[in-house]
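Structural features, examined
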Amino acid sequence: MDLRIKSFDEYKEKYKQSVDNPDGFWDQIARSFIWRMPYHTVCEWNFEQPDVKWFLGGKLNITENCLDRHLEQRGNKLALIWEPNDPKERFVRWTYRELYEKVCEFANALKAQGIQKGDRVVVYMPMIPELTVAVLACARIGAVHSVVFAGFSAMAIADRVNDAQAKMIITADGLNRGAKQVPLKRVVDEALTHCSSVNKVIVYNCLDWSPNMAPGRDLWWHDAVNGMAKECPAEEMDSEDMLFILYTSGSTGKPKGVVHTHGGYMVYTAYTFQNVFQYEESDIYWCTADVGWITGHSYIVYGPLLSGATTLMFEGVPTWPDPGRFWQVCDKHSVNQFYTAPTAIRALMACGDDHVLSYSLDSIKVLGTVGEPINVEAWRWYHIHVGKERCPIVDTWWQTETGGIMISGLGNLSPMNPAHAGYPLPGIQPVLLDQEGNEIVENGVEGYLCIKHPWPSILRTTYGDHERCRVTYFSHYQGHYFTGDGAKRDENGMYRIIGRVDDVINVSGHRFGTAEIENAINSNKIAVESAVVGYPHDIKGQGIYAYVVCENIPEDQEVARAEIIETVVEHIGKIAKPEKIQFVSGLPKTRSGKIMRRILRKVAEGEPDKLGDTSTLLDPQIVEEIVSGAL
Ligand code: WT7
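Residues numbered from 1 in each chain as written. Predicted model: local features only at pLDDT ≥ 70, side-chain atom pairs only at ≥ 80, totals over all residues. Heavy atoms only, no water.

Focus on the environment of Gly 371
Worth spelling out the cut-off: Strands are runs of DSSP state E lasting at least 2 residues, helices are runs of H or I lasting at least 4, and numbering of each runs from the N terminus. Here's how the labels work: a residue is buried when its accessible area is under 20% of the maximum for its type, exposed when over 50%, partly exposed in between, all with a 1.4 Å probe on protein chains only.
You can see Gly 371 is positioned in the loop between strand 19 (366-370) and helix 15 (376-386). Given the relative accessible area of 34%, Gly 371 is considered partly exposed. For the pair Gly 371 and Asp 322, spaced 49 residues apart in sequence, the C-alpha to C-alpha distance is 24 Å.

What follows is the structure, given as C-alpha cells:
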C-alpha cells in the first residue's frame, strides 16, 4: 500500500481535496488497511465536549497491519535493525516473520500472566528490540501500553502507574547509555513501594546484573516466554478502543495521560511516515528518538512497520564513543532517511566538523528534525555537512497530542526554507488566531497556532480526566484545538513555529511544565516558594532557570543548589535538572498575588533592561534584587 504523494502539484491537489471533503479523503486512505470489519462512518466530531471519533464501527488490530499483512510479501524483509550502544557489540536484524513470531510469543506470555484486553501495562525499558516487542505484544492482545522514558525517576514512574492503574510493569535489569549504565529494575522496585495496582513485573535480562526479584511478583522475560506459541491471534479492537497512553507535561502540575486509539492513529502515522520521509520499498530508515517519547511510538515503531519499512533502532547516544557515532551508523547500515532532533545536531556541531567529514553519508536521501524550532545555524550545518547540500531537510512540527506530523515538508517535493516547518499535511487545517480568538487570514502574520478540523490521530482524551483535556486544548478558542505554540505564516504561506506560549519549557526537545518543576522544588525544605522559567540555551534549546525563595538566603549556596537539584532528580529525573538556581528573598508579584513571569523570563534571558511595565508590582524592590543577583 503505497500512500505516497509524488509531486508538489499532487500535494496541492490532495490538500484541497482534504479540506473540501475530509471524509472522502481519509476514506480513500483508510481503505488500504486491513479491517476485520469495515467502518460505517469516517468521522464524527465536535470540539466543544470534545468528542472525536474516526472510522466508526470499524474493527481491526493495529498489529495485524504492522505484521501479519506483510508476511506474504515481506516475510523475509528486514523489519528491524538494532544497533547497540557499543559499536563493538553485535547488531540485530529481524525480518518481518521473526518480529511477528517474537511479538506473538510475548503476547502469549502476557496473557499467561493474566493481562487482558483493556488492562494498562507500563513499559520502562532500554532502547532494545524487546521494547518494540513489548509494545506490539500489548497492542496485539488489546492491552493499553504506557511507555515511560527510562530516564524518569521512581516517583515519576509511580505517578504514571497510579494514574493509569497499571497492572504490570515490563522493564529490564538495567540499560547502557554511552559510558554509563542505569539500574532500571532498582528504580522500578522503589517506584512500586508507592503503587498498589501492579501485581506482575517482567524483567528483561540486558546486563546480567541479577537484580532483586520479588517472589510471586517478578519474573524474567526469558522464563515468561518459555514454551509460548509463536502464533497469537490478534484481539479484535474497535477503531476507538485505546491503543496507548503516553504521559506528557503541561502547564499544570501533574503530567497528563494523552490517549490514542487503534484506528485513527494507525491511518495517520502510516500516511505521514510515507509522505514526509518519501519512504521507498528498499530504504533503510532511522529515527534517533527514544520509544519513550511520541516520536519513537509513531516513527520508530508504528508508522514504519505499518508501511512495511525497515526501521533502525539505536541504543546509544550521539557522542559516544565519539561524536561521529551517528554518521558511522548511517554508513554502516546504509541509512536512507535520517530523523533526529535539533539539540543533537547542535551538540554534534559543537564537537567540530571532523567527526562528520570522515564519513561518506552517500546513502542518505532525506533528513528530518523534530522537537523544537531549529535555529538557522544548526539547519545549515545539517544541510551542508550531513546532507552534503544534496538532501532535503524536513522540519516536522507536531506534538504528543497530535499523534503524527502536522506541518512539514514532504521529502524532496516541497520548497524548503531554513527554520520553517513549511506547509500543513493533507487533512490538517491550521489557523493563526489573535489574542481575542479572531482568525488572522492573511499571510505575513503571527499568532496562536490552532487547528480547526480534526485529523485521525488527534488525542481523544486525557486518561481519567476528560475535563482536563477540554480545558487544556479546547476551551481557549471555541471550536479549535489549541496547540500551545505561537507561529508565523510567511508571505508564501509557510509556517514557522516560534515556540510555546504557555508555561511549558522545551529542554532538548522534551517538555516540562514549570509548575511540575516548581512543585518538586517546593517539596525541599530550603524553598518557601519558587518560580521556574526557560531561557535560551546553546545546545538544549531552552534551559531551566529556577528562582527559589528562601527564608534566609543559604550561606553555602553551592550545597543548597545541589540539594535542590537532587530533589528535582528524585521527583522527575535527571532530564529536568535546573541549569541555574538563583536564591531570592521574594518574587515579583502583582497586587493580586500573581507571579509576573514575564519579568523573570527577561532576567533569565539576560535582558533586564527590557522588563517593560513594572508599575503594577506589589514590591518593585524585589526586581532590583533579582536583577542584581542574576546568574
Ligand atoms: C512541542 C511538542 C512531537 C515530537 C516531539 C515533541 C515543539 C515539536 C517542532 C518543530 C518547532 C517543535 C512545539 C510543540 N516542537 N516539533 N519541528 N519546530 N517546534 O513532542 O513533547 O509533545 O512537544 O514541541 O513547541 O508544541 P512534545
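Remarks on the domain arrangement of the chain
Put simply, the test is: The split into domains, and so the bounds of each, comes from an automatic or database assignment of domains. By definition, residues are in contact when any of their heavy atoms lie within 4.5 Å. Accessible area that two parts lose when put together, with a 1.4 Å probe and added across both, is what the buried area reports. What makes a salt bridge here is a side-chain nitrogen of Lys or Arg within 4 Å of a carboxyl oxygen of Asp or Glu, nothing more. As used in this structure description, the phrase polar contact means that two N or O atoms lie within 3.5 Å; if the pair is within protein, one of them must be able to donate a hydrogen and the other to accept it, and residues adjacent in sequence are counted only when both atoms belong to side chains. Throughout, the ten residues Ala, Val, Leu, Ile, Met, Phe, Trp, Tyr, Cys and Pro are labelled nonpolar, Asp, Glu, Lys and Arg are labelled charged, and all others, Gly among them, are labelled polar.
On domain assignment, one finds that the chain holds domain 1 (64-235) and domain 2 (504-628). Distance between the C-alpha centres of domain 1 and domain 2: 38 Å. Between domain 1 and domain 2, the contact holds 6 residues from the first and 7 residues from the second. Both sides together, the interface formed by domain 1 and domain 2 hides about 510 Å², and carbon and sulfur atoms give 60% of it. Looking at the side of domain 1 facing domain 2, the largest losses of area belong to Phe 152, Ser 153 and Met 155, adding up to 64% of the total buried there. For the pair domain 1 and domain 2, the interface holds 0 salt bridges. At the surface where domain 1 touches domain 2, the tally comes to 3 residue pairs in polar contact (both at pLDDT 80 or more). Residue composition of the side of domain 1 that touches domain 2, by class: 4 nonpolar, 2 polar and no charged.

A word on the site of the ligand
Selection criterion: A single heavy atom is enough: if one lies within 4 Å of a molecule or strand, its residue is considered near that molecule or strand. For every accessible area listed, the method is Shrake-Rupley and the probe measures 1.4 Å; residues are considered covered only by the protein chains on display.
For the ligand, the set of nearby residues contains 17 residues, the closest of which are Asp 395, Thr 400, Asp 485, Arg 500 and Arg 511. Contacts to the ligand include Arg 500, whose side-chain N or O atom sits 2.8 Å from an oxygen atom. Take Arg 511: an N or O atom from its side chain is 2.7 Å from an oxygen atom of the ligand. A total of 550 Å² of accessible area belongs to the ligand in isolation, and the protein chains cover 96% of it. Contributing elements (two or more residues each) for the shell around the ligand: helix 11 (294-306), strand 20 (393-396) and strand 25 (495-500). Looking at side-chain class alone, the shell around the ligand contains 6 nonpolar, 6 polar and 5 charged residues.

Side note on the packing of helix 10 (residues 262-277) against helix 11
Applied cut-off: Every angle, taken between N-to-C directions, lies between 0 and 180 degrees, and every axis is a line fitted to C-alpha atoms, over only the stretch in contact when it is a helix. Oblique is the label for every angle not falling under 35 degrees (roughly parallel), over 145 degrees (roughly antiparallel), or within 65 to 115 degrees (roughly perpendicular).
Close contact between helix 10 and helix 11 brings their axes to 8 Å; oriented N to C, the two are set at 90°. One way to sum up the angle between helix 10 and helix 11 is to call them roughly perpendicular. Along its contact with helix 10, which presents Tyr 265, Met 266, Thr 269, Ala 270, Thr 272, Phe 273 and Phe 277, the element helix 11 presents His 297, Ser 298, Tyr 299, Tyr 302, Gly 303, Pro 304 and Leu 306. Along the lines of polarity and charge, the residues of the contact of helix 10 with helix 11 split into 9 nonpolar, 5 polar and no charged.

Some words on the packing of aromatic side chains
To be explicit about the condition: When two rings of Phe, Tyr or Trp (its six-membered ring) have centres within 6.5 Å they constitute a pair, described as stacked for plane angles under 30 degrees, edge-to-face for angles over 60, and tilted for the intermediate range. Consider the ring centre and the ring normal. A charge sits over the ring if Lys NZ or Arg CZ is within 6 Å of that centre and within 35 degrees of that normal.
In this structure the tally under the stated criterion is 45 aromatic pairs. Among the aromatic residues, ring-to-ring pairing joins Phe 25, Trp 26, Trp 35, Tyr 39, Trp 54, Phe 55, Tyr 268 and Tyr 271 into one connected group. Its end group placed over the ring of Phe 152, Arg 160 keeps NZ or CZ at 4.4 Å from the ring centre. Above the ring of Tyr 535, the side-chain terminus of Lys 580 is found at 4.7 Å from the ring centroid.

Here's the deal with the sheet that holds strand 18 (residues 337-340)
Note the following rule: Pairing between strands is defined by DSSP: at least two bridges between the two strands are required.
Across the sheet, which stays open at both edges, the 7 strands sit in the order 5-4-17-16-18-19-20 with mixed pairing between neighbours. The sheet is open, and its two edges are formed by strand 5 (92-95) and strand 20, each paired on a single side. With strand direction ignored, the average angle separating the axes of adjacent strands in the sheet is 20°. Where strand 4 (residues 78-83) lies against strand 17 (residues 310-314), 4 bridges are found, and the strand directions are parallel. Across the sheet, residue Glu 83 finds its bridge partner in strand 17, namely Phe 314. Its contacts with the sheet put helix 6 (residues 129-141) on strand 4, strand 5 and strand 17, and the angle it makes with strand 5 is roughly 30°. Where helix 15 meets the sheet, it contacts strand 18, strand 19 and strand 20, and its direction lies at approximately 155° from that of strand 19.

So, the environment of Tyr 463
Tracing the backbone through its elements, the reader meets Tyr 463 in the loop between strand 23 (445-451) and helix 16 (466-474). Taking C-alpha positions, Tyr 463 is 7.2 Å from Ile 245, a pair spaced 218 residues apart along the chain. Beyond its immediate chain neighbours, meaning those up to four positions away, Tyr 463 contacts Arg 120, Asp 163, Ala 164, Met 242, Ile 245, Tyr 247, Gly 257 and Val 259.

Regarding helix 12 (residues 325-333)
Those residues of helix 12 not exposed but buried are Arg 325, Phe 326, Trp 327, Val 329, Cys 330 and His 333. Backbone geometry just after helix 12 places Ser 334 at a positive phi near 50°.

Details of the pairing of strand 17
The buried fraction of strand 17 is high, at 5 of 5 residues. As paired elements, strand 16 (residues 284-287) and strand 17 share 3 bridges and run parallel to each other. Opposite Tyr 285, over in strand 17, you have Thr 311 as the bridge partner.

Comments concerning unusual backbone geometry
For the peptide bond that leads from Gln 49 to Pro 50, omega is -15°, which places it in the cis range. By the secondary structure assignment, Pro 50 is in the loop between strand 1 (41-46) and strand 2 (51-56). A cis amide bond, omega 0°, links Trp 320 with the succeeding residue Pro 321. Mapped onto the fold, Pro 321 is located in the loop between strand 17 and helix 12. Although it is not a glycine, Ala 419 adopts a positive phi angle of roughly 70°.

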